[in-house]
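Structure assessment
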Amino acid sequence: MCTGPSITFGDNLVNKQHVYSFALGDGHNKKLLGGKGANLCEMTQIGINVPPGFVITTEACLDYLKGNELPATLMESVKAEIAKLEALTKKTFGAGPNPLLVSVRSGSAMSMPGMMDTILNLGLNDETLAGLIKQTGDERFAYDAYRRFIQLFGKVALGIGDEKFDEHFEDVKKQAGVKADVGLDAGHLKQISEKFLDVVRHETGAEFPQDVMTQLRLAVEAVFRSWMGKRAVDYRREFHITPDMANGTAVNICTMVFGNMGDDCATGVGFTRNPGTGENEMFGEYLTNAQGEDVVAGIRTPKPLQRMEQEMPSQYAQLVELRNTLESHYKEVQDYEFTIEKGTLYCLQTRNGKMNAAAMVKTSVDMYRESLITRDQSLLRIDPELLEQLLHPSLDPEHTSAPIASGLPASPGAASGMCVFDADLAEKLGRTGKKVILVREETRPEDIHGFFAAEGILTSRGGKTSHAAVVARGMGKPCVAGAEGINVDVDLRLAYVGEHILHEGDVITLDGATGKVYLGAIPTLQADFSDDLKELLGWADEVAQMKVMANADTPDAAKMAHEYGAMGIGLCRTERMFNASDRLPIVIDMILANTAEERQGALDQLLPIQRADFIELFSVMAPDPVTVRLLDPPMHEFLPTEHQLLEQIRTLELYRDVVRGRQIALASIANAPALPEAFSELSEEHVNDGLLKKERMLQKVRELQETNPMLGHRGVRLGITYPEIYAMQIQAILEAAAVCARNGITVEPEIMVPQVITTQELTKVKPTVDRLKQQVEKETGQELHFKFGTMIETVRACTRARQLAVNAEFFSFGTNDLTQAVFSFSREDAENKFLPMYNQTGILNDNPFEVLDVHGVGRLMKMAVKGGREIRQDLKIGICGEQGGHPKTIDFCHRVGLDYVSCSGPRVPIARLAAAHARLRAVQS
Ligand code: PEP
Ligand code: MG
């Protein structure tokens, strides 16, 4: 068994085995033998007909790369294995009438298709070529094998460019007057082989190696080197394949079998189930009398595997048996390659099949029903992120358009529409049934009506937690944020995108999954929330320990979240309810109020509106809990910017002159024409009123101006400064709960205070809650059940969690603000300024606004969980920052004992599966 040498590391004598025959290698050790090698061993050992062969380990590769030298005695071990192959196959390597030819293939622990090198037909030289001709009686076949070998070996092992060979190949084809390779006869192929040998001689100054062990050594070295080739290195970087996932490539040396020795030969590839639909059926393609590469090269059109049932019935039966054996052994859909040589089927490779999301879900549900896998296995085999494909429309993968710009993939999905540069026009066009994309530099709360009307949102500023991103995610609409290459000029109604100019009305397409923007309409594939997926997620809910809630602010968003399986609302940002066009003016009056009475007047108008919202929200979610967060953002967010106001004031002043001039003109004309009613009603006094309001707004905007508004007068600080605002909201929540209770609807509201740093803040708000509870209970006769709690989104709140838990019945981690605070990174700017560079250069592995930073933010969360539960054992704890929908975050939240995660509605299915994974993984470990 052990054919490896003893080698020395420092003073230690280590017995390192570098070579394993397929019959003896450990089929589970993919790190050592590579995925391909391990599976060849495994298949051999369960009785599948694999051509005999052996594997050289990834460790040997690493040793070679260290010193540019093969481990001492490696080739002796290889020679010993070759001798075994000779004995098994009764063929001879490098000599005789029945020559042994081998393939030399790469294969690392992670599949890296086409990234490393392979050599076929190794073992051919002048002598074995003659043997092969004699043995097969087929000169054409033998020369075809020879010329393929010389070119591949020349390229891979000797570093001679393909073009050096191709020009001769084309010459001969031209002389022969044929277009396709199949038109060449034995003479042509012989001529090509000779020319190829000349190329080698010319390019390397040496003869093509006749010694087959030299061929093998050079081939092994070349495959080892291809691990560090540019293609392979780029691929590993792109797909984040780290050394602990795959380190070095193994080399698989396998007896050649030929699918091109006649009509009783074939070669093909298959999937054990249909990878497009997941259907349990034979799936794949084959070619008779062909080599593997012909199937891929597309020179001949392969036939569907089903055809083989008539064409080669007994081989088809062998193939069905192979398929069944593979699935029942691996308990996973397999992607396999086979060759039929003179009627005998050989399996050359198998690996887990890559499938789209729909097929993954269907096969999971089917394989569980067929008792092939357990329910836990059916859940674990699906990467939660994959479900995204099923939850949003996606771009037709067949499209070939090039993007004109790219930004952050802020909310998944794909949509096309006319670009529109302001929310009002978006709303107007949307109402007439037009599809629009709202294109803004950045969005603000007052743009909300434009979001409702738009198919998608594109901004040139802001990150994944920007207003645009968060609102779009909540609505399940695609959003590309922070596309800094786009310059929006709202006044000119156009946007500059590189060399393109987008005029209002031009059609564009957004891909929120990749952050790409395209010109024109690109076809999309619709989302598919299938019954199979619903069933699978039902299993996930039974397994998971944490609940999955949604961040939703409107009844429509709540309904959507409910359909996706949300078990309540973990965050309702009440400020979003203030933005509808009928409400914003009242909110502005509230902000502009100079006295508490004036403010109360506006709040009295808002109270019934908020109450009605809550009744609807609670009813949609009943009996599940709804966490309502009291007003959080700084006031200035509800007002126009100073720049906008100055513009408006200037325009109004000009208009006042016009009105004045019109009056003068009218007065000076005898028989002046009658003006339309609206004109005569718009007097100078009206314009002055408007001007006055704008000037008051401007003054307020200036008063409210802060250098760092996100760290300024917001959240509970605002609630304490203007207690009547929180009182109105609390009253609306409790009255809505009472109305629901009277209507027989069980509700569980949770009143949440934002931006808390000390329990004194909660002590200030709590008496209002108690007073209003008593008042509403007395007025309605309904007993109210609700919770009072806090967001944990400041560093201080984490460190004072014990004290906060005295007043708070629940905690909800606001990890957007907490991350901003812990990193001192602006959540609005970091993602399109320096974070991508930090991620690319590996300073940070993930974007902490997307994936929770477990080492920093997570550590504080752990401290807060521990502190809070020391005081209140049944303290309910969740997370509602954007990271809460990411599987890695969910895994962490499970481990630290959170009760729930809350994320945007369309991410709920992903979070449900991730919550199940987290539990299963924790149990496994
Ligand atoms: C948070 O800070 O994580 C949070 C949910 O609040 P917002 O994003 O509204 O500040
Ligand atoms: Mg926050």
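Everything that follows concerns the structure shown earlier in this document.
Residues numbered from 1 in each chain as written. Chains lettered and ligands numbered in written order. Predicted model: local features only at pLDDT ≥ 70, side-chain atom pairs only at ≥ 80, totals over all residues. Heavy atoms only, no water.

A closer look at the overall build of the protein
Helices and strands together make up the secondary structure of the protein, namely 35 helices and 33 strands. Each principal axis of the C-alpha distribution contributes one length, and for the protein these read about 115 × 75 × 60 Å. Burial analysis of the protein (925 residues in total) assigns 55% to the buried set. Within the protein, counting contacts between residues at least 6 apart in sequence, those at least 24 apart form 68% of the total. About 39500 Å² of surface is accessible on the protein, with carbon and sulfur atoms providing 51% of the total. Between the averaged position of the 97 positive side-chain charges in the protein and that of its 125 negative side-chain charges there is a distance of 3 Å. (Helix = DSSP H or I, 4+ residues; strand = E, 2+ residues; numbered from the N terminus. Buried < 20%, exposed > 50% of the residue type's maximum accessible area, 1.4 Å probe, protein only. Contact = heavy atoms within 4.5 Å. Areas by Shrake-Rupley, 256 points an atom, 1.4 Å probe, with all protein chains shown as cover. Lys, Arg positive; Asp, Glu negative; His and termini not counted. Charge placed at Lys NZ, Arg CZ, Asp CG, Glu CD.)

Concerning the packing of aromatic side chains
A complete count under the given rule lists 17 aromatic pairs for this structure. Centre to centre, the rings of Phe165 and Phe196 are 4.9 Å apart; their planes meet at 70 degrees, and the pair counts as edge-to-face. Residue Phe165 is found in helix α6 (residues 162-176), and its partner Phe196 is found in helix α7 (residues 186-204); the two are separated by 31 residues along the sequence. On the accessibility criterion, Phe196 (0% relative accessible area) is buried. By way of ring pairs, the aromatic residues Phe823, Phe825, Phe834 and Tyr838 are connected into one cluster. Lying across the ring of Trp227, Arg236 places its NZ or CZ 3.7 Å from the centre. (Phe/Tyr/Trp six-rings, centres within 6.5 Å; stacked < 30°, edge-to-face > 60°. Lys NZ or Arg CZ within 6 Å of the ring centre and 35° of its normal.)

Here's the deal with the site of ligand 1
Near ligand 1 you find 14 residues, and of these Arg573, Arg629, Gly814, Asn816 and Arg827 are the closest. Here an oxygen atom of ligand 1 sits 2.9 Å away from a polar atom, N or O, in the side chain of Asp817. Considered on its own, ligand 1 offers 290 Å² of accessible surface; in the complex 95% of this is hidden by protein. Among the secondary structure elements, those contributing two or more residues to the shell around ligand 1 are β27 (569-573) and α31 (815-823). Looking at the shell around ligand 1, the element that brings in the most residues is α31, giving 3 residues. When the residues that make up the shell around ligand 1 are grouped by side-chain class, the tally is 3 nonpolar, 4 polar and 7 charged. (Near = heavy atom within 4 Å. Polar contact = N/O pair within 3.5 Å; in protein donor to acceptor, adjacent residues only side chain to side chain. Nonpolar A, V, L, I, M, F, W, Y, C, P; charged D, E, K, R; others polar.)

Regarding the coordination of the magnesium ion (ligand 2)
Those donors, Glu793 (OE) and Asp817 (OD), are the protein atoms that reach the magnesium ion (ligand 2), and they lie 2.0 to 2.1 Å from it. Residue Glu793 is found in the loop between β30 (787-792) and α29 (795-799), and its partner Asp817 is found in helix α31; the two are separated by 24 residues along the sequence. Here Glu793 matches Asp817 in class, with each residue buried. (Donors = N, O, S within 2.8 Å, 3.2 Å for Na, K, Ca; no water.)

Considering the pairing of strand β17 (residues 436-440)
Within β17, 5 of the 5 residues are buried, which leaves it mostly tucked inside the rest of the structure. Here β17 shows no split at all, with Val436, Leu438 and Arg440 on one side and Ile437 and Val439 on the other all buried. Two strands pair when backbone bridges link them, and strand β16 (residues 414-420) and β17 are joined in this way by 3 bridges, in the parallel orientation. Directly across from Cys419, in β17, lies its bridge partner Ile437. Taken together, β16, helix α16 (residues 423-431) and β17 form a β-α-β motif whose crossover is right-handed. (Pairing = 2+ DSSP bridges. Right-handed = clockwise from strand over helix to strand, strands pointing away.)

Thoughts on a negative patch on the surface
Among the surface-exposed residues, Glu163, Asp166, Glu167, Asp171 and Glu203 lie close enough to one another that they form a single negatively charged patch. Top element by residues in the negative patch is α6. It accounts for 4 residues. On the secondary structure map, Glu203 appears in helix α7. Residue classification places Glu203 among the partly exposed residues on the basis of a relative accessible area of 36%. (Patch = residues over 30% accessible without salt bridge, like charges linked within 9 Å, V, L, I, M, F, W, Y side chains within 5 Å. Salt bridge = Lys/Arg side-chain N within 4 Å of Asp/Glu carboxyl O.)

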